[in-house]
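Fold and geometry: a report
So you can see what is in the structure, the chains are spelled out below.
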Amino acid sequence: MTIHGTALLALCLLAGLTAGRLLGASLGIDADIGGVGIAMLLLIGGTHLLERRGLLTPAVGHGITYWGQMYVPIVVAMAASQNVRGALTGGWMAVAAGLAATAAGFLLVGLLVRCTSRSEPS
Amino acid sequence: MTEVVHDTLLANGLLTAFVVVGGTMLVSSWVSARCTCGRVHGSAIAILIGLVAAAVAGGPRGVADLPLLSGVGLLGGAMLRDLAIVATACGVRPQEFVRGGAIGVVSLLAGLCVAFLMGGATAWACGYRDAVSITTIGAGAATYIVGPVTGTALGASSEVIALSIAAGLVKAIAVMIVTPFAASALGLKTPRAAMVFGGKMGTTSGVMAGLAATDPALVPYGAMTATFYTGLGCLLGPSLVFMIARTIF
């Protein structure tokens, strides 16, 4: 059933977020460390397990992939609910700091991608 | 009549959001095909429309502050956003994560260093000379969550914390807009490159929107490293980075 897929997805996210917060708490900070990343690993493991036992029916898969396909519209909704005016009126120093970090990041991505693809041709 | 329609839309906020976002996607894919011959991805145009609408609405939660569009805030909120990111992991090849693991960690640490450095340098150039303010603004240049978490932990002034949030927001928005245009120059084509990108930029919202508009197949890889960035930043900001800043200033 479709709900089984969605339930597995939601369970992985809840478990991941809990693990992320526990990881944060164990390091003494009130923040989630990689909760979503842990949830992704759990989902990959979970679907592989179901697949091997032949329990990953198309209906169960749809319960997961539907949400993956809703991803772009959700991002659009997220963009529309950002504090854009706050970012623009936060003073030119905030704009400069944000843009400087972005520019430096892009430069380094280009460098690192080029270096790794040269050393390890895929 | 209009009152009945208004009340129905208001009472079913999430459904209204589905219609509004779906309509936006339809318009943007049409604009993408007709006006740019498909060169600018429809998702990039839709995200841009979303950002402009948020700026016009002007509230701290963008268009979600308008009662009629409050459902957009639920659809684009952390809960459904995280559910959708995790769902994209269904169908990725686990060996790609293993192969990209080491470079992902390097990219994460280097990305955080660069953000703290650039943000801190900007703060210094603007006349801040105390370690607490410089660290907080540097943390804001990492992401808009690392900024306030670090600032609160260090006891920064509310003005500096507000600046750090604004810096993080500017970065998230800049990454959303620039990524699809810079993608080919950066070589953003492989899962490994996406993992480097996610770790380097770190802002989950910026990375996911940027990659979605570039190539949706890369999203889970970028999201995987980006999701560790904020947590690691919150860990290092008030501790290691602050200690380094304190010895310098």
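**A closer look at the overall build of chain A**
Looking only at helices and strands, chain A features six helices and zero strands. Going from N to C terminus, chain A has its helices and strands arranged as α-α-α-α-α-α. Relative to the 2.2 N^0.38 estimate, which gives 14 Å for 122 residues, the radius of gyration of chain A is 20 Å and therefore markedly larger than a compact globule would have. Seen through its principal axes, chain A has C-alpha atoms that stretch 55 × 40 × 35 Å. Buried residues in chain A amount to 50% of all 122 residues. Residue pairs in contact within chain A that sit at least 24 positions apart in sequence constitute 55% of those at least 6 positions apart.

**Topic: the interface of chain A and chain B**
Contact residues are listed per partner, giving 66 residues for chain A and 90 residues for chain B. The greatest single-element share of the side of chain A that touches chain B, amounting to 21 residues, is contributed by helix α6 (residues 92-119) of chain A.

**Here we look at helix α5 (residues 78-88) of chain B**
Among the 11 residues that make up α5 of chain B, eight are buried, leaving the element largely enclosed by the rest of the structure. Taken residue by residue, α5 of chain B has Arg81, Asp82, Leu83, Ala84, Ile85, Val86, Ala87 and Thr88 of chain B as its buried positions.

**Observations regarding the nonpolar core**
One finds Val75 of chain A together with Ile47 and Val86 of chain B to be the most contacted residues of the largest nonpolar core, which totals 126 residues. For Val86 of chain B, the residues in contact, after removing those within four places along its chain, are Leu9, Cys12, Leu13, Val36, Ala39, Met40 and Leu43 of chain A.

**Quick notes on the domain arrangement of chain B**
Residues and elements named next belong to chain B. On domain assignment, one finds that chain B holds domain 1 (2-76) and domain 2 (95-248). Taking only C-alpha atoms into account, the centre of domain 1 sits 27 Å from that of domain 2. The interface is formed by six residues belonging to domain 1 together with seven residues belonging to domain 2.

**Remarks on the environment of Ala80 of chain A**
Here Ala80 of chain A lies in helix α4 (residues 71-80). Apart from the residues within four sequence positions on either side, Ala80 of chain A is in contact with Gly50, Ala53, Ala54, Gly62, Val63, Val72 and Gly76 of chain B.

Quick notes on the rules
Residues numbered from 1 in each chain as written. Chains lettered and ligands numbered in written order. Predicted model: local features only at pLDDT ≥ 70, side-chain atom pairs only at ≥ 80, totals over all residues. Helix = DSSP H or I, 4+ residues; strand = E, 2+ residues; numbered from the N terminus. Rg over C-alpha atoms; globule rule 2.2 N^0.38 Å. Buried ≥ 20, exposed ≤ 12 C-beta atoms within 10 Å, placed from the backbone. Contact = placed C-beta atoms within 7 Å. Core = buried A, V, L, I, M, F, W, Y, C linked by C-beta atoms within 7 Å. Domains from an automatic or database assignment.

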